Amino acid sequence: MKVRSSVFASFILILEVLGVALFLRGFFPVPVKSSLSSKNKLSDLPPEPLTGGSSNTSGAPKPLFKRVVVMLVDALREDFVFGPNGPMFLPYTRHVIERGSSLSFVAKARPPTVTMPRIKALTTGSIPGFIDVVMNLNSPALSEDNLIWQAKTAGKKIIFYGDDTWVRLFPKHFMEHDGTTSFFVSDYTEVDNNVTRHLDSTLKRDDWDILILHYLGLDHIGHISGPHSSLIQPKLLEMDDILKKIHGSLVSKEADGSLPYLLVLCGDHGMSETGSHGGSSEPEINTPLVLISPIFKRKAEMEKPGVVEQVDLTPTLALGLGLPISQNSVGHVIPGVLEESSLREQLRFLHLNGHQLSCLLKDSTPEYQKEAGFEQFRVAEKAHGGWMKLYLEGNTSEVLTNMGKKVLKQYLEALAAMSSALSKQLGKYDMYSMIAGMVFVFQLLLVLLLAMPEALSGSASVDLPVLSSLLSLPFYLLCLFLASVHVLVCTSAESSCYFCSLSWGLVFAAVAFSSAMFCILISLARRRLPDGSQFHGKSSQSSSGGEWMLSELDVLLLAGTVGHTLSLAASSFVEEEHQTWYFLLNTLCLTVFQDVCRKYFREQRDEEEQIILSKKSQTFSHSGSEMCSEKWLALATPPFTLLCCRLLRSLNQTGVQWAHLPDVGHWLNSSEHKVILSLLSAFCLVLIYLLVQRRCSWVSKVALAFGLVGVYSYRAAVGNVLFPWQHSSRTTSKGTVEARFVYVFVLGILFSGTKDLLRSQIITADSKLKSRGLWEIYSGLVLLVSLLFRAHNLPVLCCCLLIQTLMAQFIWKKLHYDAAQTTIMHYWFGQAFFYFQGNSNNIATVDISVGFVGLESYVEAPAVFLTALSTYAGPLLWACHLVCYLSSERDRSPVAVGHGCYCLALLRSVPAAAYIVLVTVLRYHLFIWSVFSPKLLYESMHLLLTAGVCLFFITMEQTQPKSDFQ
């Protein structure tokens with residue numbers, strides 16, 4: 001069965017996307033949850049343990065607090081409060097911490113440090129997984145047991161103002177609420193004013209028990225300008241004034257004999273040095289937790305804050321309000337909150353927390369009895385029963401007190417051990433789905449590799465032995481074997497498997513396909529073995545004998561791609577992957593420079609002869625001078641590319657180890673250098689126009705010029721750059737009008753290019769018109785990216801276009817590099833420019849502020865599209881340039897597009913497949929959550945991007961008239 005190479009590569013790539021999806025379904029674990037569908041109730045609480053008798057109480061102890069106010073400041077870093085700048089940022093708060101009745105802690109948030117998972121952690125006490133990053137965009141109602149549900153069931157009246165994520169998670173739980181959109185990061189003023197405007201009237205009322213305030217302005221400032229922005233201090237002073245107002249109101253309403261209040265100041269997550277969040281760096285996971293109440297001892301001086309887990313706040317608030325602890329909570333109560341309670345009450349609180357954790361441990365761990373924490377809790381519970389017996393008998397000796405303190409210590413050790421065990425067990429892996437997805441992807445990759453010689457041959461087709469494989473005996477034996485394995489796994493699995501929940505029709509199709517792929521693999525391998533010794537690789541210039549020889553460039557491209565894939569086995573190489581691509585790109589430039597020197601200096605004699613002939617004939621004088629200038633431009637292109645790459649490396653610090661170091665981008669964004677940034681931006685926009693407009697129609701040229709003027713106007717409106725007549729950098733608008741002005745021209749250019757492309761394919765069959773249409777679509781994409789890029793990142797786009805122009809004009813075309821080599825170079829450049837933008841394999845480097853350029857409010861679809869486009873602008877621009885370049889080269893072979901599609905599919909498949917195998921092997925290592933999980937998401941996104949580009953290749957090749965290839 002013969003299949004065209006482009007169709008074959010795209011078909012394999014799409015199937016690999018399905019295999020990766022199956023693997024991700026098993027890799028992202030189900031959070032640790034109780035098997036009980038019901039929620040905890042007061043009536044379900046265990047009685048106090050009592051040796052040799054029945055207890056006289058079975059309910060929860062009396063609440064510690066009458067009212068609770070939770071002031072949650074989004075992206076509040078612990079150094080903003082406890083650091084050296086704390087007295088300047090939050091003077092009243094620091095005074096209360098140092099001299100007031102308060103408890104201070106550094107609460108550690110578990111990654112992913114994104115708002116919605118952190119809210120779930122604070123209310124349920126559980127640890128969400130990375131899959132909640134996707135759910136963060138559209139949060140469904142929270143159905144599992146949580147603190148808000150428990151409070152509402154107990155008759156507590158709850159008021160909420162702030163991030164509307166709470167309203168989506170708890171739609172019918174608040175007596176009164178007013179939500180604000182959390183994703184519109186351009187707004188950092190009104191988003192907080194909408195919360196504070198309710199405060200005066202609410203604090204005067206007495207008809208509520210719990211008040212929750214979620215302020216977003218600080219997080220938005222971080223996304224816009226980072227943690228060292230001049231806007232940070234005014235915003236923190238505003239938060240400090242609000243806390244002072246709340247504290248003063250609570251103190252004034254405190255009555256003698258009534259239960260005290262509790263004021264909680266906390267953050268859901270921190271903020272990285274670039275102002276974003278989502279990863280696991282110290283500034284992102286360390287958040288302040290300040291508990292203010294007259295029940296606590298007054299301090300004499302500043303004390304070093306203790307360290308707790310963020311999920312510890314959930315059982316603390318539940319017991320403090322006299323509520324049952326959420327059944328999925330993995331936190332343990334903060335001991336300092338209980339210090340002023342009686343010894344019996346403290347033991348009762350710890351016993352309730354221990355009982356809840358032990359029940360969760362039973363449900364989530366088959367061998368729970370072997371856990372040290374579980375055994376410690378049983379010992380402490382037994383000792384507690386003995387203490388209760390003596391206590392109820394009226395024993396008041398010091399021995400009883402010492403015994404109680406010993407039991408208290410045993411409880412605390414048991415709680416810490418069980419909480420740690422549950423936290424380490426982040427979830428239950430669906431190993432069956434992971435292994436099935438891994439085998440599926442690995443089979444497809446091997447088929448792709450074995451079919452490479454045929455796919456890149458002159459016929460541009462692959463002969464797959466499909467029919468012979470389906471009619472062979474091993475195929476049916478494999479089907480029976482895999483079906484029996486499936487039945488065995490699904491009937492004996494202790495936990496539910498996604499693959500087992502599929503219908504038998506889908507399972508049989510998957511089994512048959514996997515068996516067929518295995519048989520095809522064997523047939524392809526047998527076909528390659530006899531002539532394997534004759535296969536040496538493909539040169540840049542095909543030999544007449546049909547043998548393939550590897551050139552030096554081929555060796556570099558092959559070794560670099562394989563070496564990069566192998567480097568993904570180390571977490572440090574994943575964290576600093578940009579260093580790998582920078583090294584490979586520099587080596588590539590040196591190798592290309594060697595090819596250029598070899599070409600022009602070896603041909604120098606022929607060139608001199610041509611110049612001598614040109615002196616005899618005036619006709620050739622012009623071509624001789626052109627060849628001379630072309631020679632020097634070709635020689636200058638690789639060193640110039642090296643220079644550009646070195647400058648771009650200094651523009652944005654990325655990775656993990658050195659991300660905190662200052663870079664040129666921070667220098668340009670400082671207020672003192674705004675004039676320099678303005679001049680640089682204007683120069684880059686002019687150069688972008690000169691580089692892009694050459695292949696566009698005059699209508700698109702005019703639209704591109706106006707669009708780039710609009711880009712500068714937008715940046716001036718939001719305060720990034722200045723116009724010559726401006727003397728103040730004061731922001732007067734959000735740039736909505738200017739951004740929409742640019743969108744109009746983007747749509748106009750895309751429409752013009754699409755029209756020319758359709759005309760060339762349907763009506764006129766004009767290859768020039770088709771090429772112009774592709775380049776116009778590319779120019780529209782460049783205009784959109786220039787709008788989304790921050791002002792200091794415009795040199796990245798400018799250098800990208802400049803390198804593409806020089807390489808296409810003087811390297812790829814003049815040195816006669818084939819489609820496969822050109823594709824791999826585009827892939828390398830695209831990966832390097834992904835990191836030149838300032839991206840990394842850390843979710844925190846995703847700039848979500850670009851998703852709201854030109855939007856007045858949060859609209860999910862365009863926000864997600866713009867954020868993804870800005871994040872992957874580097875790989876996307878180079879992939880689109882590859883499409884345009886291969887399609888415009890009419891002197892290439894008719895299989896050029898097929899070669900490009902095939903190589904692109906292979907390049908994206910190898911690291912994805914290797915990464916899946918790696919993560920399956922390392923599934924028990926905890927560090928894969930903070931390092932490998934974001935990388936898996938990036939690999940999946942890149943795979944989807946490549947699938948789209950390959951489908952576009954197929955469409956273009958299948959509809960291309962045959963005359964264009966002749």
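Quick summary incoming for the structure in this document. (Residues numbered from 1 in each chain as written. Predicted model: local features only at pLDDT ≥ 70, side-chain atom pairs only at ≥ 80, totals over all residues. Heavy atoms only, no water.)

The next thing to look at is the overall build of the protein chain. The helix and strand inventory of the protein chain stands at 39 helices and 12 strands. Relative to its full complement of 966 residues, the protein chain shows a buried share of 57%. If you take every contact in the protein chain between residues at least 6 apart in sequence, the share linking residues at least 24 apart comes to 78%. Here the protein chain displays about 40,800 Å² of accessible surface, and carbon together with sulfur accounts for 62% of that area. (Helix = DSSP H or I, 4+ residues; strand = E, 2+ residues; numbered from the N terminus. Buried < 20%, exposed > 50% of the residue type's maximum accessible area, 1.4 Å probe, protein only. Contact = heavy atoms within 4.5 Å. Areas by Shrake-Rupley, 256 points an atom, 1.4 Å probe, with all protein chains shown as cover.)

In this section: the sheet that holds strand β7 (residues 210–215). With respect to topology, eight strands assemble into an open sheet ordered β6-β5-β7-β3-β8-β9-β4-β10, the strand pairing being mixed. The two strands at the open ends of the sheet, each matched to only one other strand, are β6 (176–180) and β10 (306–309). Across the sheet, the mean angle separating the axes of adjacent strands is 15° when strand polarity is ignored. Alignment of strand β5 (residues 158–163) against β7, held across five bridges, turns out to be parallel. Each residue of the ladder has a partner; that of Y161, found in β7, is L213. (Pairing = 2+ DSSP bridges. Axes fitted to C-alpha atoms, helices over the stretch in contact; angles between N-to-C directions.)

A few words on the pattern of salt bridges. The final tally for this structure, using the stated rule, is 18 salt bridges. Between R378 and E381 there is a salt bridge; the shortest N-O distance is 2.7 Å. Note that R378 and E381 are positioned in helix α16 (residues 372–392) at a spacing of three residues, about one turn of the helix. When salt bridges that share partners are traced, they join R67, D206 and K253 into one network. (Salt bridge = Lys/Arg side-chain N within 4 Å of Asp/Glu carboxyl O.)

In contact at an axis separation of 9 Å, helix α15 (residues 343–364) and helix α17 (residues 398–424) are set at 30° when each is read in the N-to-C sense. Classified by the angle their axes make, α15 and α17 are roughly parallel. Between α15 and α17 lies a crossing whose hand is left-handed. Between α15 and α17, the residues in contact are L343, Q346, L347, L350, H351, N353, G354, L357, S358, L360, L361 and S364 and T401, G404, K405, V407, L408, Y411, L412, L415, M418, S419, A421 and L422, respectively. (Parallel < 35°, antiparallel > 145°, perpendicular 65-115°, else oblique. Left-handed = near helix turned anticlockwise from the far one by under 90°.)

With that out of the way, let us pick up the nonpolar core. With 92 residues, the main nonpolar core has L588, I688, L783, W812, W828, F833 and F836 as its most contacted residues. Ranked by the residues each element gives to this core, the list is headed by helix α33 (residues 794–812), at 15 residues. Counting residues in each nonpolar core, the second largest holds 70 residues, with M116, V311, L360 and W387 among its members. (Core = buried A, V, L, I, M, F, W, Y, C linked by side-chain atoms within 4.5 Å.)

Another point: the state of the cysteines. Inspection of the entire model under this criterion finds one disulfide. With its sulfur 2.1 Å from that of its partner, C490 forms a disulfide with C500. Taking the sign of the S-S torsion, -90° for the link of C490 and C500, the bridge is left-handed. With C490 in helix α21 (residues 473–492) and C500 in the loop between α21 and α22 (504–528), the pair connects residues that are 10 residues apart, well separated along the chain. According to the relative accessible area criterion, C500 is partly exposed, its value standing at 24%. With no disulfide of its own, C696 has C884 as its nearest cysteine by sulfur position, at a separation of 9.9 Å. (Disulfide = S-S within 2.5 Å.)

So, on to helix α32 (residues 767–788). One full turn of an α-helix is made of 3.6 residues, so residues set three or four places apart face in the same direction. Under the 1.5 Å per step criterion, the end-to-end length of α32 is 32 Å for 22 residues, consistent within 8% with the ideal 32 Å. Of all the 22 residues making up α32, 19 are buried; the element is thus mostly covered by neighbouring parts of the structure. (Expected span 1.5 Å × (residues − 1).)

For the pair α32 and α33, interaxial distance at closest approach is 10 Å and the crossing angle is 160°. One way to sum up the angle between α32 and α33 is to call them roughly antiparallel. Contacts from Y778, V782, V785 and S786 of α32 reach α33 at L794, L797, L801 and Q804. Split into classes, the residues belonging to the contact of α32 with α33 amount to six nonpolar, two polar and no charged. (Nonpolar A, V, L, I, M, F, W, Y, C, P; charged D, E, K, R; others polar.)

What follows concerns the side chain of S472. Structurally, S472 can be placed in the loop between α20 (466–470) and α21. Judged by relative accessible area, which is 18%, S472 ranks as buried.

In this section: the packing of aromatic side chains. Scanning the entire structure with this criterion turns up 22 aromatic pairs. With a centroid separation of 4.7 Å and 10° between ring planes, the pair formed by F829 and W878 is classed as stacked. In this pair, F829 sits in helix α34 (residues 819–836) while W878 sits in helix α36 (residues 873–888), placing the two residues 49 residues apart along the sequence. The pair formed by F829 and W878 is uniform in burial state, with each residue classed as buried. Pairwise contacts between aromatic rings join Y582, F829, F833, F836 and W878 into one cluster. Its guanidinium or amino end placed over the ring of W208, R67 lies 4.0 Å from that ring's centre, counting from NZ or CZ. Between the NZ or CZ atom of K631 and the centre of the ring of W632, over which it lies, the distance is 5.0 Å. (Phe/Tyr/Trp six-rings, centres within 6.5 Å; stacked < 30°, edge-to-face > 60°. Lys NZ or Arg CZ within 6 Å of the ring centre and 35° of its normal.)

Honestly, it's all geometry; don't read function into it.
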